[in-house]
Amino acid sequence: MNEILQENKLTAFINNLSPTSLNFSNELLQSATISLLTNDFPTTRKEAWKYTRVGRIAAIKAAPKSAISSSPTPFTIDSNALTFVFENGEFIPSLSSAIIPKGISIKSLSFCDAEELSQIGKLAKVDGEIFTAMNVAYANDGLFIKIADHIILEQSIQITHILRGKNNVSNFRNYIHAGKFSKAHIIQGYFSQNATHCFSNVVTEIVTGENAFLTIDKIQYEEMGNFHVATEEVQQDKNSTFTINTLTLDGTLVRNNLTIGVTGVNCTTNLNGVYLLKENQHVDNHTIVDHCAPNCESHELYKGVIDDSATAVFNGKVFVRKDSQKINAFQSNANVLLSDSATMNSKPELEIYADDVKCSHGSTTGQLDDEAIFYLRARGISEKSARHLMVSAFIGDVLGKIENEKVLEFTHSILKDRFGWEF
Amino acid sequence: MIKIKNLHATIDGKEILKGLNLEVKAGEVHAIMGPNGAGKSTLASVLAGREEYEVTEGTVEFDGKNLLELDTEDRAREGLFLAFQYPIEIPGVSNVNFLRTALNEIREYKGEEQISAKDFMALVREKSALVELDAKLASRAVNEGFSGGEKKRNEIFQMAMLEPKLAILDETDSGLDIDALRIVAKGVNTLKSSENATIVITHYQRLLDYIIPDFVHVLYDGKIVKTGTKDLALELEERGYDWIKAEVEAK
Amino acid sequence: MGYTENELAKDLENQEYKFGFVTDIESDKAPIGLDESIIRFISNKKEEPEWLLEYRLKAFEIWKSMTEPSWAQVKYVQPDFQAITYYSAPKQSKKYESWDDVDPEMKATMAKLGISMEEQKRLTGVAVDFVMDSVSVATSFKSKLKELGIIFCSFSEAVQEFPELVRKHMGTVVPMTDNFYAALNAAVFTDGSFCYIPKGVRCPMELSTYFRINEGGTGQFERTLVVADEGSYVSYLEGCTAPQRDENQLHAAVVELIALEDAEIKYSTVQNWYPGDKEGKGGIYNFVTKRGICERNAKISWTQVETGSAVTWKYPSCILKGDNSIGEFYSVAVTNNFQQADTGTKMIHLGKNTKSTIISKGISAGKSQNSYRGLVQIHKGAENARNFSQCDSLLMGDTCGAHTFPYIECKNSSAKIEHEATTSKIGEDQIFYCLQRGISEEKAISLIVNGYCKEVLNQLPMEFAVEAQKLLAISLEGSVG
């Protein structure tokens, strides 16, 4: 057993938080508490945090829980979707869909019974993971989604989370279960409005059942001055297809921990990511695809454009466990640095214990091709437009993986507003 | 040379060859034609000894030996050569090194002396000229970065080097322009003798304008359903395969 | 079917280590264990100047405060540093005036290693330094090199005869504080090779060192320092073997390369330390720190063929300090049975227009684990830096592992970095194609593996390339096409 530490930054941090009012099992709450008492915030000496410092998160003096404004959110990606809105981690029924179609169960965690809550914590481990532990012990609320077997959902489900105020910490927790032969599309949007020094600590557990087809589009668009740590733990049962597109478009510090455990045979996994950084943003994408069963394929494509003094980190790991034969796993990370002060740290990793596999990864970092820009200018295109064109071409193939029109439209509108890029 | 009797073969439990009979004698050229999926390439693979295919019934006698009992490399050493439809690239291994290894292993099998470096290079020069293959390609890695036409010519070049008794050309004409086709055919024709035989597997009649077959067989649904002369190939070109299918189904 | 991959795997298991003999030479040993007195003992034995003793003692203090690194993808029982003999010299360790003075037993050892010096002298013109149990035994060809002003001698000799050169450069590339094993080496190193190429001189022959661990219970801690002065060129080769023993023996070497302006150093290693038996018993722990620094327009090229050792932990690196400097790393690492290798390189780009190339080919068989770990770091001032990395892994059998851990850190927008890696098993189509041309499966695998390693083998000097191919063949099945 780890030693219980005396006062440290983490204990000081959690002292300002209010313990969760959700009825998690005692066992889960206990292990979360132990994890928090025996650890501190990770330092860069820890391999998984080698390139990301969380000091600015640790420095937040969390404000006491205050009443939420419940005012309408200015951000709607898909107005036809089943929408569920949360402010600083708390559910706002007045802004959320009231009528739920047959075959699915969607409710905020505060409305879940003990049986439903017992699903929480099965995939996302709290041991040694302080952000996940904090998310349990100090959970505000979150969404519980269960799609019954054979349900094909035409409407998208939209989770909108908005940060408001100062020094607010949101421990936001979601659970998504796609039943056998079901099909669903889920949008997660993380936004902020007049927020500063706020911290979203999100944990989402996702089970993709046999033959299920689940797609998640995640947009991170919290203003500068706010921090975001997201942990997604995915389990894929046999013959399932899971796709997640992660678009990180703003935020002072964003860390994504995406872990996909492919436990069933014949699965397909797609992970795509775009991260566009400027000013002094820091965005860190950690992904793990863990092939524990044979005959599967995974495709990973992450692309970043880094401007000003921003820093991006990509750490993608592909595991192929012993006896997981016939795996095709492809991983690609490409980056463009637009400024001399920009930094990219890329660490694509393969760890392979089976022989009948085809695995590859590639990583490139460079700048926009001067020759190509010159060529465009020689055809009468301004340098600015030429650069926009090149950037758009660069991230175009990742954006092309997004099938949902609404998400794509919304993304383009942000690209225009924040970066002045018109496509 | 080769006698195939009632050959049945399956892959992944699916039967592709369903009782195929064929006899080829020394000095003959046989063409095997047929629609896609008839089993043409399966036949080539089974004869060469690809492990994915399982022979469930039938016999193949090659030069008096039971071919099906031999390992792939021993079939090659006995004189069976397959010109691959899709020649394999082997990075880092030069054509020359590859062929010298092959030639010497075949010689060793036959109890013959190893070829000297000088004789070998002379042979390379002579045979590469035959298929108008740039001598530079001989020192490049096996098929790596070769164009489609170069790969096919390289197959014929290897055939010339190894001097097989029976050559099976599996869709060697696919993807070739008329020039390359002429060169490939010239190579095959030059190598033809009363001692060896050739089986040409093809989809189109055009290769047969250059390599004149003694017999043309139609392979359909795992069996040879019709045999004729060069005229049959022309008829197939003109009328397609539907009438063959109709004939077979009428039976 | 004839020779299957499984059979090959079995053959690999049964492949005996060919250099597993022990030479019966009396040796002069330090007592077992490590403390200050042992370090004084070594320094005294070697009649070292005071500054070097102080250097050693300082390193020892630093080492005591350090912990063994644990980040590598290898598992092993930590060596007991108090159970090692830190000094073991063949008894007649007085300096040899000429080749004829060398102990016949020792000559026999070298002959068994396939490096008969007479033959080497006659046929290849390779100058050889032979280090057995950490002590340099003989350096041939000295006089010929002397004419050109080239210094090539044992490290101890260099300390005596060229103290100012050694003192100036030693520890400048790999400081004693660098890591646990570098610190240990700095404290207890017993010998090694020293090489200096004067300005503008192109060394006309390959310089070569053979390292051998002979005595049981000893560790080998040699140090190599190569200084290529402005505009000079040298190609340096190093080979390693050790007898077959049930215990794990420690080899913790330090190699420092200094390429001054416009100089070029080519450093090639064929490492064949005893890998342990097929149950994973015994074998060498090969924990080595190798690093070079390039001044303006200089070039350092590391080539390694790693087939031996039970555990390898080794990252030959380049600090590209000067503008337009070039670093290269070409590696073939073969692991079999229970071997574990965690190897790769670091390319640190500091200067403008610096270029680096990394080609790594890993082959894992048996129950072995083979990892590539590399760092490409582009610093802020490294305008137009370029890196290309290609790391391929080949798996033979389903009980081994192949891993790739590249770290890419870029702080300059004009840099261009490309990294590619693939992992796959040996191509069945390729084997079938060879079989169809009459080539046996065993030979087909050998051909394909050699082709796969070609880019790296091509970097080796001719004499070494042949030896490396032989070693690959021994490790992989006994015949090479």
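Residues numbered from 1 in each chain as written. Chains lettered and ligands numbered in written order. Predicted model: local features only at pLDDT ≥ 70, side-chain atom pairs only at ≥ 80, totals over all residues. Heavy atoms only, no water.

Describe the interface of chain C and chain B, naming the residues involved and giving the relevant values.
If you look at the interface, chain C gives 21 residues, while chain B gives 31 residues. For the pair chain C and chain B, the summed buried area comes to about 2,300 Å², and 63% of that belongs to carbon and sulfur atoms. The largest contributions to the chain C side of the interface with chain B come from Phe432(C), Tyr433(C) and Arg437(C), which together make up 33% of the buried area. Where chain C packs against chain B, one counts three salt bridges. We note a salt bridge from Glu155(B) to Arg437(C), for which the minimum N-O separation is 2.6 Å. Across the chain C-chain B interface, the total number found is 11 residue pairs in polar contact (both at pLDDT 80 or more). The class makeup of the residues in the side of chain C that touches chain B is nine nonpolar, seven polar and five charged. (Contact = heavy atoms within 4.5 Å. Buried area = accessible area lost by both parts, 1.4 Å probe. Salt bridge = Lys/Arg side-chain N within 4 Å of Asp/Glu carboxyl O. Polar contact = N/O pair within 3.5 Å; in protein donor to acceptor, adjacent residues only side chain to side chain. Nonpolar A, V, L, I, M, F, W, Y, C, P; charged D, E, K, R; others polar.)

Go over the sheet that holds strand S10 (residues 197–201) of chain B, please, and point to the residues and values.
Residues and elements named next belong to chain B. The strand order S6-S9-S10-S3-S11-S12 describes an open sheet built from six strands, whose pairing is mixed. Every interior strand has two partners, whereas the edge strands, strand S6 (80–83) and strand S12 (223–228), have only one. Neighbouring strand axes in the sheet, compared pairwise and without regard to direction, differ in orientation by 20° on average. Strand contacts of helix H6 (residues 148–162): S6 and strand S9 (166–170), with the helix running at about 170° to S6, the strand carrying the most contacts. (Pairing = 2+ DSSP bridges. Helix = DSSP H or I, 4+ residues; strand = E, 2+ residues; numbered from the N terminus. Axes fitted to C-alpha atoms, helices over the stretch in contact; angles between N-to-C directions.)

Can you tell me about helix H7 (residues 178–191) of chain B, naming the residues and giving the values?
Residue and element names in this part refer to chain B. Taking 1.5 Å per residue as the helical rise, H7 with its 14 residues ought to reach 20 Å, and the 20 Å between its terminal C-alpha atoms agrees with that figure. Buried within H7 we find Ala180, Leu181, Ile183, Val184, Ala185, Gly187 and Val188. Looking at the buried side of H7, the elements it contacts are helix H4 (117–130), H6, S9, S10 and helix H8 (207–210). Its side-chain oxygen at 3.2 Å from the backbone nitrogen of Asp179, Asp177 defines the N-terminal cap of H7. (Expected span 1.5 Å × (residues − 1). Buried < 20%, exposed > 50% of the residue type's maximum accessible area, 1.4 Å probe, protein only.)

With reference to specific residues and values, describe the domain arrangement of chain A.
Residues and elements named next belong to chain A. We note that the domain assignment places domain 1 (2–66 + 81–264) and domain 2 (371–423) within chain A. Taking the mean C-alpha position of each, domain 1 and domain 2 sit 31 Å from one another. In this assembly, 12 residues from domain 1 lie in contact with 11 residues from domain 2. Both faces considered, domain 1 and domain 2 share a buried interface measuring about 940 Å² in area, 73% of it formed by carbon and sulfur atoms. On the domain 1 side of the contact with domain 2, Tyr221, Leu247 and Leu249 bury the most area, a combined 45% of that side's loss. Counting across the interface, domain 1 meets domain 2 through one salt bridge. We note a salt bridge from Arg418 to Asp250, for which the minimum N-O separation is 3.4 Å. On inspection of domain 1 and its partner domain 2, the count reaches three residue pairs in polar contact (both at pLDDT 80 or more). Going through the elements one at a time, strand S7 (183–196), strand S9 (213–221) and strand S11 (241–248) are the ones with two or more residues in the side of domain 1 that touches domain 2. Considered class by class, the residues forming the side of domain 1 that touches domain 2 number seven nonpolar, three polar and two charged. (Domains from an automatic or database assignment.)

Could you give an account of the pattern of salt bridges, with specific residues and numbers?
All names here are of chain A. In total, this model carries 52 salt bridges over all chains according to the counting rule given. Note that Asp78 is salt-bridged to Lys406, the shortest N-O span being 3.7 Å. Taken together, the residues Asp78 in the loop between helix H3 (55–58) and strand S1 (82–87) and Lys406 in helix H8 (residues 405–419) connect sequence positions 328 residues apart. With relative accessibility at 6%, the residue Asp78 sits in the buried group. The partner of Lys317 in a salt bridge is Glu351, and the shortest N-O contact between them spans 3.1 Å. One end of the pair, Lys317, is in strand S16 (residues 311–320); the other, Glu351, is in strand S18 (residues 343–352), and 34 residues separate them in sequence. The exposure class assigned to Glu351 is buried, which follows from its relative accessible area of 6%.

Lay out the interface of chain A and chain C in plain terms, naming residues and giving numbers.
With 36 residues of chain A at the contact, the number on the chain C side is 34 residues. Buried surface at the junction of chain A and chain C, both sides included, amounts to about 2,700 Å², of which 44% is carbon and sulfur. Inspection of the chain A/chain C interface yields zero salt bridges. Those elements that place two or more of their residues in the side of chain A that touches chain C are S18 and strand S19 (357–366) of chain A. By residue class, the composition of the side of chain A that touches chain C is 11 nonpolar, 14 polar and 11 charged.

Explain the layout of surface pockets residue by residue, including any values.
For the largest pocket, the calculated volume is near 1,500 Å³. Around the largest pocket, the lining comprises 49 residues; the ones closest to its centre are Glu47(A), Ala48(A), Lys50(A), Lys347(A) and Tyr407(C). Those elements that place two or more of their residues in the lining of the largest pocket are strand S10 (227–236), strand S12 (253–262), strand S14 (282–291), S16 and S18 of chain A together with strand S13 (283–294), strand S21 (369–378) and strand S23 (401–410) of chain C. Looking at the lining of the largest pocket element by element, the count peaks at five residues for S12(A). Considering only residue class, the lining of the largest pocket consists of 14 nonpolar, 17 polar and 18 charged. (1 Å grid on protein atoms, 1.4 Å probe; cavity = no way out; pocket = protein on both sides within 12 Å on 5 of 7 lines; lining within 4 Å. Points joined across faces, edges and corners; volume = space filled by probe spheres on them.)

Can you lay out the side chain of Glu306(C) for me, pointing to particular residues and giving the numbers?
All names here are of chain C. Locating Glu306 in the fold gives a position in strand S14 (residues 299–306). Side-chain polar atoms of Glu306 contact the side chain of Gln271, separated by 2.5 Å. Among residues more than four places away in sequence, those in contact with Glu306 are Thr269, Gln271, Asn286, Thr312, Lys314, Val332, Ala333 and Val334.

Which residues make up the arrangement of the chains, and what values go with them?
Contact analysis covers two pairs of chains in contact, and the most contacts occur between chains A and C. Chain A shows no contact with chain B. Their nearest C-alpha atoms sit 16 Å apart.

How would you explain the packing of H6(B) against H7(B) if you had to name every residue and give the values?
All names here are of chain B. Here H6 crosses H7 at 15°, and the two axes come no closer than 9 Å. When the axis of H6 is compared with that of H7, the two are roughly parallel. The way H6 lies across H7 gives a crossing that is left-handed. Between H6 and H7, the residues in contact are Arg153, Ile156, Met159 and Ala160 and Ile183, Val184, Gly187, Val188 and Leu191, respectively. For the contact of H6 with H7, a count of residues per class yields seven nonpolar, one polar and one charged. (Parallel < 35°, antiparallel > 145°, perpendicular 65-115°, else oblique. Left-handed = near helix turned anticlockwise from the far one by under 90°.)

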